[in-house]
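# Survey of secondary and tertiary structure
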Amino acid sequence: MEIGLVDLFDGSAQRDLAYMRTFALTAEAAGFSALWLPEHLVFFEEYESAYPYPAAPSSANPDMVEVHGHGDAAAPRVEAAQEQGLLDVLQAAAELCRHTTRLRVGSSVLLLPMRDPRLLVRELSTLDLFTGGRFDMGVGVGWSAEEFAAAGVPFAERGARCESNLARVRELWGHTGGEPGIPAMPDTTRPLPRILVGGHSKAAIRRAARYAGGWYPWNLTTGDFSRHLTEVEAGLRENGRSREDFHVVVGLRFHGALAELRPMVERYLELGANAVNLSLRMTPENHGDVMHEISHALGLTA
């Protein structure tokens, strides 16, 4: 059973380098397969943009949804503390892998439209070398117009920029450099790290099937997941690609009873997921206990 954890590190006194090391080592010892890190450039006290993930599948019945998070059902808000910050996702991934031997690290998700693909390929190649190939790059288009305005990137163009950057990263990877516009990379022989497209819109599904090595939907009920996976698999066939080499990771916010967790996770795996990522909202004080409780409930360690 391949189970990842989604959590954040911000360099604060409570979530500093020592905490990152302890968190990663505890997760690895508890049998988790990966840590996935969110990316945001900046947070705001107020948003006009609609937060897209106020609801999560119910653990008692994962084909139904229940509302979690900040705000109310009419105006949900992103779950972030006041004056929240985040460490750079790529550099944080290198630090987590430095202290572990097996644990993979992923981005949940990197805002690809904001990135220059040439710089990203150089960064990704360096990170792949530093982590021994243990980094998976989840990518998305983002939802906050305020964040894109702060980055100086047109929000309305984010879909087209994401698709263009996906194609460009694949094109640039493996070049030896020395050509105009081609980054010089540490090693040109390693395969491109796994890229997973987040989201379940028609455009996201098209991008995943055409350009990516996987799909990373978030908070889908079992029924919606099954329906959209069928669409992804159809897209793969249209692009002459095999499902066998395509990695599907389901992301879930979990707030239910421990007894409900294993049947819930197993249902997504039965429907075709290769892995499940859990957002548990752990604190520096309880993360060890929570990890071991979840690990025991899922049978991750003997």
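Structure's up top.
Residues numbered from 1 in each chain as written. Predicted model: local features only at pLDDT ≥ 70, side-chain atom pairs only at ≥ 80, totals over all residues. Heavy atoms only, no water.

## Focus: the packing of aromatic side chains
One pass over the full model with this rule turns up twelve aromatic pairs. Ring plane angle 85° and centroid distance 5.3 Å describe the contact between phenylalanine 9 and phenylalanine 23, whose orientation is recorded as edge-to-face. Here phenylalanine 23 lies in helix H1 (residues 17-29) and phenylalanine 9 lies in the loop between strand S1 (3-6) and H1, a separation of 14 residues in the sequence. Judged by its relative accessible area of 0%, phenylalanine 23 falls in the buried class. Pairwise contacts between aromatic rings join Phe44, Tyr47, Tyr51, Tyr53 and Trp143 into one cluster. Residue placement shows arginine 158 over the ring face of phenylalanine 155; its charged tip is 3.8 Å from the ring centre. (Phe/Tyr/Trp six-rings, centres within 6.5 Å; stacked < 30°, edge-to-face > 60°. Helix = DSSP H or I, 4+ residues; strand = E, 2+ residues; numbered from the N terminus. Buried < 20%, exposed > 50% of the residue type's maximum accessible area, 1.4 Å probe, protein only. Lys NZ or Arg CZ within 6 Å of the ring centre and 35° of its normal.)

## Thoughts on the pattern of salt bridges
One pass over the full model with this rule turns up 15 salt bridges. In this structure, the salt-bridge partner of arginine 104 is aspartate 136, at a minimum N-O distance of 2.8 Å. In this pair, arginine 104 is assigned in strand S7 (residues 104-111) and aspartate 136 in strand S8 (residues 135-140), connecting sequence segments 32 residues apart. The shortest N-O distance in the salt bridge between aspartate 224 and arginine 227 comes to 3.1 Å. A residue pair is termed a helical-turn pair when its members lie 3 or 4 positions apart in one helix, as aspartate 224 and arginine 227 do in helix H7 (residues 222-238) at three residues. Here aspartate 224 falls in the partly exposed class, since its relative accessible area comes to 29%. Taken together, the shared-partner salt bridges connect Glu39, Arg115 and Glu123 into one network. (Salt bridge = Lys/Arg side-chain N within 4 Å of Asp/Glu carboxyl O.)

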